[in-house]
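Notes for the structure review
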Amino acid sequence: MRGVEWRKRVAMATYQEFIQQNEDRDGVRFSWNLWPSSRLEATRLVVPVSCLFTPLKERPDLPPVQYEPVLCSRANCKAVLNPLCQVDYRAKIWACNFCFQRNPFPPSYAGISDVNQPAELMPQFSTIEYIVQRGPPNPLIFLYVVDTCLEEEDLQALKESLQMSLSLLPPNALVGLITFGRMVQVHELSCEGIAKSYVFRGTKELSSKQIQEMLGLTNPSASGPQGRPAAPQDPAVTCRFLQPVHKVDMNLTDLLGELQRDPWPVPQGKRPLRSTGIALSIAVGLLEGTFPNTGARVMMFMGGPPTQGPGMVVGDELKTPIRSWHDITKDNARHLKKATKYYDALANRAAVNGHSIDIYACALDQTGLLEMKCLSNLTGGHIAMGDSFNTSLFKQTFQRVFSKDHNGEFRMAFGGTLEVSTSRELKVSGAIGPCVSLKAKGPCISENEVGVGGTTQWKICSLSPSTTLALYFEVVNQHNAPIPQGGRGAVQFVTQYQHSNTQRRIRVTTVARNWADAQSQIQHIESSFDQEASAVIMARLGVFRAESEEGPDVLRWLDRQLIRLCQKFGQFNKDDPTSFKLSESLSLYPQFMFHLRRSPFLQVFNNSPDECSYYRHHFVRQDLTQSLIMIQPILYSYSFHGPPEPVLLDSGSILPDRILLMDTFFQLVIYHGETIAQWRKAGYQEQPEYENFKHLLVAPVDDAQEILQTRFPMPRYIDTEHGGSQARFLLSKVNPSQTHNNLYSWGQETGAPILTDDVSLQVFMDHLKKLAVSSAA
Amino acid sequence: VNGNQERGWNDPPQFSYGLQTAAQGAPKRTPLNKRVPPPQLTGSPCPVPGDFPSATAPMTPPTNPLAPPCSMNTPPRPCPVAAPPLGGVMATPPPPFPVVEHTDSASSQSENEPDVDDVVTLLNWALTACRHTVKKQVCNDVAKRLKLFEDMWKSGKLSLPVRRRMIGLVQELKSCNWDAADEIHRALIVDHVNEVGQWMVGVKRLIAETRNLNPDLLHTQEVDQSLDTSSAGNSD
């Protein structure tokens, strides 16, 4: 036993390095880093072969190359030349590692040899970026859609933020402004003279064509011989509504400064009439007609829910509250289906054109994020949720949309498409993340769809360096088909996108992992398990299911997977729970699942439908580190006894002489233990002989600053102490809730065992061990 | 600066543009990303806080049970983070453009009030140069905003940091450091939008137009005269 444990430990340490190196270089984390060589064995591993992939991971050390990638000539392959390809330098031929087609090198490669390799063949360039020069560079477009039904203070703050943003936009960007309340106004941004605007009724749904006609964008006299509408790039047609910011910044600053509250009076007991649905459809239609297939961002700012027209979420009577979870489960949410369908259609239209939609929602009550979330989720746009536009949370979150990297370049990218190729033993089941399907046909598509499936190509209209997709694969090799000795499976990710400097780029990542026979090498496969990636991958699956299924079913499903995993890899004596152990490569996984089950992503009833939509929106797009924080918050303990140390997310970690710093991603909580709080109240930190206490108080604040200064979106910041009202943020994460606490029960439909909610980690683990070792299972 | 607790619960603090920009590229001082496995699975005894071997000698009991351990009695506390850089953020790799709060012109070192005329002179120098080629309406629009800036300064409506940074901005403008001047304008509008929002876009435009000029235009007789006549009689 000892020898096996030691070998596992060493293997684990080596794999951890391997995993980290691969993530640093390629932005990829696989659930398994040794792949089971048959379909049957893959299903027995419980967690599918899958990965988290960050297409535009920041690689300050990776200079892009200035030529086009070389593609495999086979029509249904088109994989890109990469380090895994066999090359015959004499004959100037390369063999595609995915389809084995032999391809001649293009003439420009005549000078290559094994001592003069092109970059894309070198192993250290498993990830490489190409700059492609095709067609004229297209400017980026920012279309502001602004709710004017705001309180004076809020409107003033929003106006200032918008004025400020004009200084943060990329210099040659085009900018446009639509304001809305009861009516919708599209503002002409001319360089001189009186500002004109086109007014639309907030209740009448118009087709895209009608919108373009009414805005004068389809000018019959300017059309070509076949009577086509004027060419989209014709400046005479488009200059009125979408103008270069460097030309109209002064006028637009004034225009923004002069914006008034929506003039339509709001009677007592009523909500303002907000025509958000029509405003958005005009925005989408305007962009569709003028700049299809160009990077564009619709940025919508709203201070309340849509209350009239298509897409309305609640009526204008204040006595009718906006739908709660209770209303939804009782099928009592009048507008929900219709509104969701409306925004879904708009979102798909925007996505088809490569346009993304951001939602900045600031209000004390819900604003309809549940119905509108697809606008951002399908297009990669942001959702920011705050209490008021006059808060630091909104202002700084909004500023960070325009943040720049170490090279002084904007972090936002546009018009992304991702294509995945696999070696023939693997097929692609689907992706979960801020994308839509491009419905591409091909040989690598699995019939078992997971997430956005049935394709190997997706569109991600807006991307950042942290945007991460989860990709699910299926091993299709039959059980009795042998894998050649040392055989490897490969996956290639090809991401095409528009850089913020308007260049078109292609980033290619090609990775491989060894196949292993699960019968004889199960311990090695186990050592290659990446429990952090797997937790996030399974969590995304769970959230995806929760969006379409009933909540309890998802929890049951998660529990079943966890129990099966423990049965497969746990070391135990049958029916003896106390003997149960998991190796290091799996030891954190059950805890992740415990916290996931209690998280706001799956426990919806503690939050409003909008809050839930907001949390889930961020969860299914963040990179691994941030996603893990969301699943299982980080908790560090500060004391006089030594450096800050991570501690169990458990009530036992709350001690009187400790300060705790908790990061949930959405909140940063600094909690002072009872004794610390008393000392602080007594003012010891002001006295010179207690300077070490002063340092202790400052340490977590300093550590929190780093996170506060960079995270997007900006988190809430809570400074609290033992007995403080805000302490509940910490207590709810570490304590089981006080509700009824029954021991494990059995599900009705399938008879499968489930673990319960609302128990402590200790009790959860005990139940898990009992179920895993049970011979009755 | 604290967040707005009246409008938003648990509103986070507000950071300056410069601080946020510097933080973007900086390596993490203390990456907080470690977790502790539950004891039940690894077979090791349950780790409680304080169980970790401490590098310090055991804490001496405080003389006053209600007081924290006194600095004098306890051995110096080990550095809580791996070699924190001195002065925190300032030790991070330099941002692409000078962080103006710390590289201000001489006026920030002295206690003297920044002089509005110095600033206005330089702004007008740039504007005069622009009038040759830039559309009249644009120049007038810029002039209007520069006037507003001047009026606000003279009527005491601009805070000291804004005034100081404007001095820095015009110095960069004079030295043809367009990117640096631009960065200062950005920092000002982010950090002080309520003070500068109405007129700063004029300065922004001025920088943008001036940098595109034929450099000869920056030193025509007319332009240099405007500099000379304005600075004659100014203290320096």
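Structural notes, computed from the coordinates. It should be emphasised that the depicted structure is a prediction, and the values quoted were computed from it without experimental measurement.

1. Examining the overall build of chain A
- When its secondary structure is counted, chain A shows 21 helices and 31 strands.
- On the principal axes, the C-alpha backbone points of chain A span a range of 85 × 80 × 60 Å.
- A burial count over chain A gives 60% of its 777 residues as buried.
- Within chain A, counting contacts between residues at least 6 apart in sequence, those at least 24 apart form 73% of the total.
- Per element, the accessible surface of chain A, about 30,500 Å² overall, is 51% carbon and sulfur.
- Separation of charge centres in chain A, based on 75 positive and 77 negative side chains, amounts to 6 Å.

2. Brief notes about the packing of helix 6 (residues 160-174) of chain B against helix 7 (residues 178-191) of chain B
Residues and elements named next belong to chain B.
- Packing of helix 6 against helix 7 brings their axes to within 8 Å, and their N-to-C directions diverge by 160°. It follows that helix 6 is roughly antiparallel to helix 7 by the angle criterion. Our pair here, helix 6 against helix 7, has a crossing hand that is left-handed. Facing helix 6, whose interface residues are Val162, Arg165, Met166, Gly168, Leu169, Glu172 and Leu173, helix 7 presents Trp178, Ala180, Ala181, Ile184, His185, Ala187, Leu188 and Asp191.
- Here the contact of helix 6 with helix 7 is built from residues that sort into 10 nonpolar, 2 polar and 3 charged.

3. So, the sheet that holds strand 20 (residues 469-475) of chain A
Residues and elements named next belong to chain A.
- Strand order in this open sheet of 4 strands is 1-3-20-17, and the pairing throughout is antiparallel. Where the open sheet ends on each side, the last strands, each with one partner, are strand 1 (28-30) and strand 17 (426-432). Averaged over all pairs of adjacent strands, the angle between strand axes in this sheet comes to 25°, irrespective of strand direction.
- Looking at chain direction, strand 3 (residues 50-53) and strand 20 are connected through 4 bridges and run antiparallel. Within strand 20, the residue paired with Ser50 across the bridge is Tyr472.
- Packing of helix 13 (residues 531-548) onto the sheet brings it into contact with strand 1, strand 3, strand 17 and strand 20, and relative to strand 3 it is tilted by some 95°.

4. Focus: the packing of helix 10 (residues 369-377) of chain A against helix 16 (residues 609-619) of chain A
All names here are of chain A.
- With their axes 9 Å apart at the nearest point, helix 10 and helix 16 run at an angle of 20° to one another. In terms of orientation, helix 10 and helix 16 fall into the roughly parallel class. In this structure, helix 10 meets helix 16 at a crossing whose hand is right-handed. Of the residues in helix 16, those touching helix 10 at Leu369, Leu370, Lys373, Ser376 and Asn377 are Pro609, Asp610, Ser613, Tyr614 and His617.

Here is what the cut-offs are and how they apply
Residues numbered from 1 in each chain as written. Chains lettered and ligands numbered in written order. Predicted model: local features only at pLDDT ≥ 70, side-chain atom pairs only at ≥ 80, totals over all residues. Heavy atoms only, no water. Helix = DSSP H or I, 4+ residues; strand = E, 2+ residues; numbered from the N terminus. Buried < 20%, exposed > 50% of the residue type's maximum accessible area, 1.4 Å probe, protein only. Contact = heavy atoms within 4.5 Å. Areas by Shrake-Rupley, 256 points an atom, 1.4 Å probe, with all protein chains shown as cover. Lys, Arg positive; Asp, Glu negative; His and termini not counted. Charge placed at Lys NZ, Arg CZ, Asp CG, Glu CD. Axes fitted to C-alpha atoms, helices over the stretch in contact; angles between N-to-C directions. Parallel < 35°, antiparallel > 145°, perpendicular 65-115°, else oblique. Left-handed = near helix turned anticlockwise from the far one by under 90°. Nonpolar A, V, L, I, M, F, W, Y, C, P; charged D, E, K, R; others polar. Pairing = 2+ DSSP bridges.

Note that every value here comes from positions in space, so none of it alone points to a role or purpose.
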